[in-house]
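This is what each chain is made of:
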Amino acid sequence: MKRSPFFHDIVKHSPELTTVQGWTVPNAFTGQANEHRAVREQVGLFDWSTTGEIEVKGPQALSLVQQVIVNDAAAMPVGRVIYTSILTSEGSMVSDITVYRLGAEHYMLMTAWGSNAADERPELSLLREVGSDLDATVTDVSSGVGLLAVQGPRSRDLLSTLIEGDLSDLRYMWATRTRVAGIRSIISRSGYTGELGYEILIPAEHAHDLWEALTTAGKPLGLTLCGMKAAFSLRIEKGYIMRFDFQGRTPYEVGLGWTVKEQKHSFIGKERLLARREAGFHQRLMGLLLQDGYVPNPGDVIIAAGKKVGDVSSAAFGHTLEIPVALGFVPNRLCKPGVEVTVVDPDGGQHPAVVAERPMYDPAGERLHR
């Protein structure tokens, strides 16, 4: 079983632990509702060291990255971070990732945890396969990296007490090399909660020192330790997706068509993706607002006019919206805010729901761009 470099500091706080994809991680510290609200109102700290960091370096590093992702890395300045996806040859999404440009010939792909309990990262094997004839090296540095996410409206206040330089100059989806509490770090203004926030990557051997520095400096600001449950409900309110929300689907069906740069000469799955788009899609991933307090399960059936029209892919109680929220695929004809559908639970119970556009929380993204 894998453990984060922060694990021994985490367990001192007696969290509820869970096992996900071969990792032992904190599920909650003081309760999902408290942790969720702390991120929306003050500042929360997450251990996201389960992510993968894959570095691509060399004269043909850009060429390799371009062949693998649907977005366009060609115009990225050093320090830029972009969101994108990787496809199969059939145009379906394998994963959604972020790409960092760290130098002239240096990129880093940040992935979610692996696709199975062995924590195998499909992105790594694909990069190595595609890059076998290119002048570029692919290195999985994940085991040597610790990652903490500081998220919430007071995240800048907290980090500003510990870093060299002025964080107010760091724009959304940009990264910089700096020192946090004297520890060499990469800080990106990014996250998975829909709030102003930062992700801090450090060498794993400095994990304890960073944890101590952040938790100590955060006490006067109301810093709250957060687990997977809060991360899950925060991201669903914002309409952010995870692997089980897009399996077998294309970026267009899950609302990521904006990341597909069709002008690029080529990328894996491009021809099939464009052919599938030309043929048309019958469903889209939408938000669902449950009206009777029921929190759906993944796989719950969505019905309209007595007939199955789709399935729920993920759900949680939205502690900011104060209503259960879900993501699910519904037919194009029902993809309008306010359309009424019904979610069927495993026992056959029927629960009224209303279709909503994503994101359901802060749709203009004002909180991200503070």
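We now turn to the structure provided with this report. In every chain, residue numbers begin from 1 and rise along the written sequence. At least 70 in pLDDT is required for a residue's local features to be given in this predicted model, at least 80 for side-chain atom pairs to be given and counted, and no such filter applies to totals for whole chains, interfaces and linings, which use all residues. Hydrogens are left out, water is left out, and the side-chain values use all remaining heavy atoms of the structure.

**Thoughts on the overall build of the protein chain**
Right, so step 1: The helix count covers DSSP runs of H or I at least four residues long, the strand count covers runs of E at least two residues long, and both are numbered beginning at the N terminus. Regarding its fold elements, the protein chain presents nine helices and 19 strands.
Right, so step 2: Here the radius of gyration uses the C-alpha set of atoms, whereas the globule reference equals 2.2 Å times the residue count to the power 0.38. Taken against the 2.2 N^0.38 rule, which gives 21 Å for 370 residues, the C-alpha radius of gyration of the protein chain at 21 Å falls within 12% of a compact globule.
Right, so step 3: Taking the principal axes of its C-alpha atoms as reference, the protein chain extends roughly 60 × 50 × 40 Å.
Right, so step 4: Across the 370 residues in the protein chain, those meeting the buried criterion constitute 59%.
Right, so step 5: Note that accessible areas follow from Shrake-Rupley with a 1.4 Å probe, and for residues the cover is restricted to the protein chains shown. Here the protein chain displays about 15400 Å² of accessible surface, and carbon together with sulfur accounts for 50% of that area.
Right, so step 6: None of His or the chain ends enter the tally, which takes Lys and Arg as positive and Asp and Glu as negative. For charged residues, the charge sits on one atom: NZ in Lys, CZ in Arg, CG in Asp, CD in Glu. Charged side chains in the protein chain number 37 positive and 43 negative. The centres of these two groups are separated by 3 Å. Three labels apply to residues, based on accessible area from a 1.4 Å probe with only protein chains included: buried if under 20% of the type maximum, exposed if over 50%, partly exposed otherwise in between.

**What about the sheet that holds strand β6 (residues 93-103)?**
Right, so step 1: The criterion for strand pairing is that DSSP finds at least two bridges linking the strands in question. Across the sheet, five strands lie side by side as β5-β6-β7-β4-β8; this open sheet has antiparallel pairing. Only two strands of the sheet have a single partner each, and these edge strands are β5 (81-87) and β8 (137-140). Geometrically, the sheet is characterised by an average inter-axis angle of 30° between neighbouring strands, direction not taken into account.
Right, so step 2: Here six bridges tie strand β4 (residues 52-57) to strand β7 (residues 106-111), and the two strands are oriented antiparallel to one another. By the bridge assignment, E55 is partnered in β7 with M108. Only C-alpha atoms enter the line fits that serve as axes; for helices the fit covers just the stretch in contact. Angles between N-to-C directions range over 0 to 180 degrees.

**Describing the pairing of strand β9 (residues 145-151)**
Right, so step 1: Within β9, seven of the seven residues are buried, which leaves it mostly tucked inside the rest of the structure.
Right, so step 2: In β9, alternate side chains face the same way, and those of V145, L147, A149 and Q151 on one face and G146, L148 and V150 on the other are all buried.
Right, so step 3: Across four bridges, strand β3 (residues 44-47) lies against β9 in antiparallel orientation. Directly across from G44, in β9, lies its bridge partner Q151.

**Side note on the nonpolar core**
Right, so step 1: The term nonpolar core refers to a set of buried residues drawn from Ala, Val, Leu, Ile, Met, Phe, Trp, Tyr and Cys, joined through side-chain atoms within 4.5 Å. Ranked by size, the top nonpolar core spans 29 residues in total, and within it F6, L45, V150, L159, I200, L210 and L214 carry the most contacts.
Right, so step 2: When contributions to this core are tallied by element, the ones reaching two or more residues are β9, α5 (155-160), β11 (183-188), β12 (197-203) and α6 (207-218).
Right, so step 3: Of all the elements, α6 adds the most residues to this core, at five residues.
Right, so step 4: Residues within four places of L210 in sequence aside, it is in contact with F6, L148, V180, I183, I200 and I202. Note on contacts: a residue pair is in contact if any heavy atoms of the two residues lie within 4.5 Å.

**Digging into the side chain of E35**
Right, so step 1: Structurally, E35 is set in helix α2 (residues 32-41).
Right, so step 2: Any carboxyl oxygen of Asp or Glu within 4 Å of a side-chain nitrogen of Lys or Arg constitutes a salt bridge here. At 8.7 Å, K229 is the nearest oppositely charged side chain to E35, a buried residue that forms no salt bridge.

**Observations regarding the environment of F246**
Right, so step 1: Secondary-structure assignment places F246 in helix α8 (residues 243-246).
Right, so step 2: Considered as a pair, F246 and Q32 are 214 residues apart in the sequence and their alpha carbons are 25 Å apart.
Right, so step 3: Beyond its immediate chain neighbours, meaning those up to four positions away, F246 contacts M93, V94, S95, D96, I241 and V254.

**Observations concerning the environment of E55**
Right, so step 1: Relative to the elements of secondary structure, E55 occurs in strand β4.
Right, so step 2: Between the alpha carbons of E55 and S132 there is a distance of 15 Å; along the sequence they are 77 residues apart.
Right, so step 3: Here E55 is in contact with H106, Y107, M108, T137, V138, T139 and V141, once residues within four sequence places are set aside.
Right, so step 4: Each polar contact in these results corresponds to two N or O atoms within 3.5 Å; when the atoms are within protein, one needs to be able to donate a hydrogen and the other to accept it, and residues that are neighboring in sequence are counted only if both atoms are side-chain atoms. At 3.4 Å, the side chain of E55 and the side chain of H106 are in polar contact.

**Some details on the packing of helix α3 (residues 61-68) against helix α4 (residues 122-130)**
Right, so step 1: In the contact formed by α3 and α4, the axes pass within 10 Å of each other and the chain directions differ by 125°. By the angle class used here, α3 and α4 are oblique. In this structure, α3 meets α4 at a crossing whose hand is right-handed. Mapping the contact onto sequence places L64, Q67 and V68 in α3 and L126, L127 and V130 in α4.
Right, so step 2: Looking at the contact of α3 with α4 residue by residue, the class counts come to five nonpolar, one polar and no charged. Every angle not falling under 35 degrees, over 145, or within 65 to 115 is termed oblique; those three ranges are roughly parallel, roughly antiparallel and roughly perpendicular. Note on convention: near helix rotated counterclockwise from far helix by under a right angle means a left-handed crossing. Clockwise means right-handed. Each residue gets one label: Ala, Val, Leu, Ile, Met, Phe, Trp, Tyr, Cys and Pro are nonpolar, Asp, Glu, Lys and Arg are charged, and the others, such as Gly, are polar.

**Quick notes on the sheet that holds strand β10 (residues 175-180)**
Right, so step 1: Spatially, six strands are ordered β10-β11-β12-β9-β3-β13 in an open sheet, and the strand pairing comes out mixed. Of all the strands in the sheet, the pair left with one neighbour each is β10 and β13 (224-225).
Right, so step 2: Of the pairings in the sheet, the one linking β10 to β11 comprises six bridges and is antiparallel in character. Bridge pairing in β11 links V180 to I183.

**Examining the pattern of salt bridges**
Right, so step 1: Here the structure, examined in full by the defined rule, presents 14 salt bridges.
Right, so step 2: E195 is paired through a salt bridge with R367; the nearest N and O atoms lie 2.9 Å apart. Taken as a pair, E195 in the loop between β11 and β12 and R367 in the segment after β19 (350-356) lie far apart in primary sequence, 172 residues in all.
Right, so step 3: Close ionic contact of D245 with R235 constitutes a salt bridge, the shortest N to O distance being 2.7 Å. Linking D245 in helix α8 with R235 in helix α7 (residues 228-238), this pair joins segments that are ten residues apart in sequence.

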